[in-house]
Amino acid sequence: MSDAQARLAALRASRAGAKDSSTAADVTEDPTKVWHKTACVLCSNNCGIEVRLDGRKITRVRGDKNHPASKGYTCEKALRIDYYQNGRDRLTAPMRRRPDGTFEEVSWDTAIAEVAEKLTAIRDTVGGDKILYYGGGGQGNHFPGAYARGVMQTLGVKYRSNALAQEKTGMFWAQGKMFGKQNLGAMGDFEHTDCAVFIGKNPWQSHGFPETRNELNKIRNDDERKLIVMDPRISETAAMADHHLRVRPGTDAWALAALLAIMIEEGLTDERFLADHCTGWDVLRELISGTDIAGSARKCGIAEAELHAAARTMSTARSLSTEEDLGIEMAPHSTLNSWLQRLLYLVTGNFAKPGGMNLPLRLAPMCGHSGEGEVDPVTGSAMLSGLLACAAIPDCIDTDHPNRFRALFVESANPLHTLPDSKRFREAFEKLEFLVVIDVAMTETARAADYVLPACSQYEKPEATFFAGEMPSNYFQVRHPILEPLGDSLPEPEIHRRLVTEMGGRPDGTDGLAQAAQQGREAFIEALGQASATDPDVGAKLPVVLYEALGPTLGNMAPAAIMFGASMQASMRYPDQVRAAGIEGEGLELANNLFDKLINSPSGMIYSVSEYSETWDRIAHPDGKIHLYIDELADEYRSLADEEPATGHDRFPFVLSAGERRSSNANDVIRDPDWRKRDRDGSLRIHPGDATSLGLVDGSRVKITSKRGEAEAPAEVTDTVMAGHVTLPHGFGTEYPDETGEHKISGVAVNELTDIEDRDWLSLTPHHKHVRVALEAV
């Protein structure tokens, strides 16, 4: 038996005997009655859930009342996670592309050897910086992105990207300008706020904070608390609002500018807060004061009186929390919108206080930080948050530029389906010399790959996400595996370990560290310190080193070894807050105790407790203040005065919001259309007046045409959308085998309609929520 086979056998044996994910003290006679603790993987909330199993099938799902954040709450989508776990297109063995384009199964030894050979050949010929790493995790699994460091370091990969680089990097850049680091994001305290503001967001469906629907109902039912929503749609959240600012699609910047100008005009700003804690207020006030409020109201389609009323409600509330989402981030003036949205809570002084916006402590940052002048190697586009802009990827491949990317390593992601302008991405991917994909299913991107390496599902391995950002207490859940791996699938840490070893990148000190770990945690910590000091490779590839050396001592939780590094960082950066959460010890003892608590708390745990005022300690600017004025966006703000929002186009008279969140969709990890109990084909929502003019009724087939493609969808006639505005859900249009094995596509793949050239000038965030289309009855 090979070393790799021995490690896998030990891992599976430990899983077979593990009972710590079960709520029962002993396995009952009927295993189908046992509740196993885990989490939902369908949005960033990752609510704690408990499930029952019948063999490999998840038969029952309920909220986990012991989860420190969700406390038994879950929405209806979690009830259908078996459609993810047991999808018919799950991968069970490594796949290699044949010359005719079909795939054949190969052994792990063959796949690892050949993938390693292809990647190192590119590295040795043109350099590892010509290999791009994309992905690294989704809504439920963030461990792979960390473990990938080992492969990236071994190959000399310098550039990476993921879905955040088509959604959030403009927002990250703006908060970096204001707070000093792009990975410092203020989070709303919606549990305690007196005024909740949602801009381009429908949290009833997209969630975003613990117990979302419960909290929304509490606010609605309390006369002392207010809810404000800026959204062109009458969404579920908008229908509950005290103020629904029904903005015209794509005109959010004018609405936000008007609100800020009203606050200044009516003396509603917190001048004491601004003087004590901020810089740049004088020049910012002058900029905003020049705003034509009446003109901005006309352009955004909101009555001036409504804007004044909402501004007063926000400014006079005892506390205010806000949250933006893709509705303004993937729309015209994307990065500008993110700046203006933050100014709403800052000019009113709603920062570092209960019910306001605060900077939480995280076990690991959600993104990196890019310095001024960091650009991609081909197009010269700005690198934000350490990520290459998704919209720049095709031009960084499909070119004769000497620095073009020759190979792509994709993990837990499906860029050919989820990134803008799928046609352009397919054209570019055909120019790659090598493409390898790690995933659980045969996705659209996997079908284009040279090799596909099968990963365990998120319920077959330890996993976690780093989304949690709560104040004053923050939580974390390391999920325990509840099922055996399917077929020969492997956890991503094992795949990365094998690749690093095959490519000759295994640090020399790993064997000694593994021996020290067998002697105990104290011996391991001492040996790790010595090895890191003498071999820089140990630190550079620490996740893989921890997995290989410390992992074998953790039994079925081996992939969670990476949390030891996170625990060490937390114990050094904020020991007092960790101890306030009930974790005892000093220095490495504190780190060790935190790590043990993390991996032995299947429902999750509180790992830090802070005072709201400690938010100020986390500002990264040397002066400790918030920098309000962003010079790079000032000219764009001034241009709003003369700019007229885009109106109807003769050829494409409708605005499509591509990627609406509904009760019948989540993300792309569930590919089986049968999980949808309604709206199976993803309807096009259209205003009754527009439907009448086109001769449409509910269920009519509609042809949708954009600059880049066309599609068909059933019509859903509703006054929840404005005239001239239509919406389609995301997560549809994937190819999936039916019961007979025939592959079919259900619904519209919205990125067949989006145009990669319609994007923000700074962040390159695509305008998914503002796609010009034409409609006609089929």
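Computed from a predicted model, the values in this text were never measured in an experiment.

A few points about the pairing of strand β25 (residues 725-729)
Point 1. Judged by how many residues are buried, β25 sits mostly within the fold: five of five residues are covered.
Point 2. Here β25 shows no split at all, with His725, Thr727 and Pro729 on one side and Val726 and Leu728 on the other all buried.
Point 3. Of the strand pairs in this sheet, strand β21 (residues 654-660) and β25 are connected by five bridges, and their pairing is parallel. What sits directly across from Ala658, in β25, is Leu728.

Some remarks on the sheet that holds strand β2 (residues 48-54)
Point 1. If you trace the three strands from one edge of the open sheet to the other, you get β1-β2-β3, paired in antiparallel fashion. Every other strand in the sheet has two partners, leaving β1 (36-39) and β3 (57-63) as the edge strands with one partner each. Here the average twist between neighbouring strands, direction ignored, is 40°.
Point 2. With four bridges connecting them, β1 and β2 associate as antiparallel partners.

Concerning helix α23 (residues 562-573)
Point 1. A rise of 1.5 Å per residue sets the reference length of α23, with its twelve residues, at 16 Å; its end C-alpha atoms lie 17 Å apart and thus fit the reference within 8%.
Point 2. Among the residues making up α23, those that are buried are Ile562, Met563, Phe564, Gly565, Ala566, Ser567, Ala570 and Ser571.

Things to note about the nonpolar core
Point 1. If you look at the biggest cluster of nonpolar residues, it comprises 68 residues, and the most contacted ones within it are Phe179, Met314, Trp339, Phe351 and Ile626.
Point 2. Look past the residues within four positions of Met314 in its chain and what remains in contact with it is Cys195, Val197, Ile228, Leu259, Met263, Leu320 and Leu344.
Point 3. Among the nonpolar cores identified, the runner-up in size contains 47 residues, and Ile49, Val440, Tyr451 and Leu490 belong to it.

Considerations on the pattern of salt bridges
Point 1. Scanning all chains against the criterion turns up 62 salt bridges.
Point 2. Here Arg62 ties to Glu50 by a salt bridge, and the two come within 2.8 Å at their closest N and O atoms. One end of the pair, Arg62, is in strand β3; the other, Glu50, is in strand β2, with twelve residues separating them in the sequence.
Point 3. Given the relative accessible area of 36%, Arg62 is considered partly exposed.
Point 4. The class of Glu50 is buried, set by a relative accessible area of 5%.
Point 5. The salt bridge partner of Asp282 is Arg285, with a shortest N-O separation of 2.9 Å. Remark: Arg285 and Asp282 occur in helix α10 (residues 281-289); sequence separation between them is three residues, near one turn of the helix.
Point 6. For Asp282, a relative accessible area of 56% corresponds to the exposed category.
Point 7. Under the relative-accessibility criterion, Arg285 is labelled partly exposed at 28%.
Point 8. Linked through salt bridges whose partners overlap, the residues forming this network are Asp231, Arg233, Glu660, Arg662, Asp679, Arg685 and Glu716.

Overview of the state of the cysteines
Point 1. Per the stated rule, a full pass over the model turns up zero disulfides.
Point 2. Cys43 takes part in no disulfide bond, and the closest cysteine sulfur, belonging to Cys47, lies 6.0 Å away.
Point 3. Cys396 forms no disulfide, and the closest cysteine sulfur to it belongs to Cys390, at a distance of 11 Å.

Thresholds applied
Residues numbered from 1 in each chain as written. Predicted model: local features only at pLDDT ≥ 70, side-chain atom pairs only at ≥ 80, totals over all residues. Heavy atoms only, no water. Buried < 20%, exposed > 50% of the residue type's maximum accessible area, 1.4 Å probe, protein only. Helix = DSSP H or I, 4+ residues; strand = E, 2+ residues; numbered from the N terminus. Pairing = 2+ DSSP bridges. Axes fitted to C-alpha atoms, helices over the stretch in contact; angles between N-to-C directions. Expected span 1.5 Å × (residues − 1). Core = buried A, V, L, I, M, F, W, Y, C linked by side-chain atoms within 4.5 Å. Contact = heavy atoms within 4.5 Å. Salt bridge = Lys/Arg side-chain N within 4 Å of Asp/Glu carboxyl O. Disulfide = S-S within 2.5 Å.

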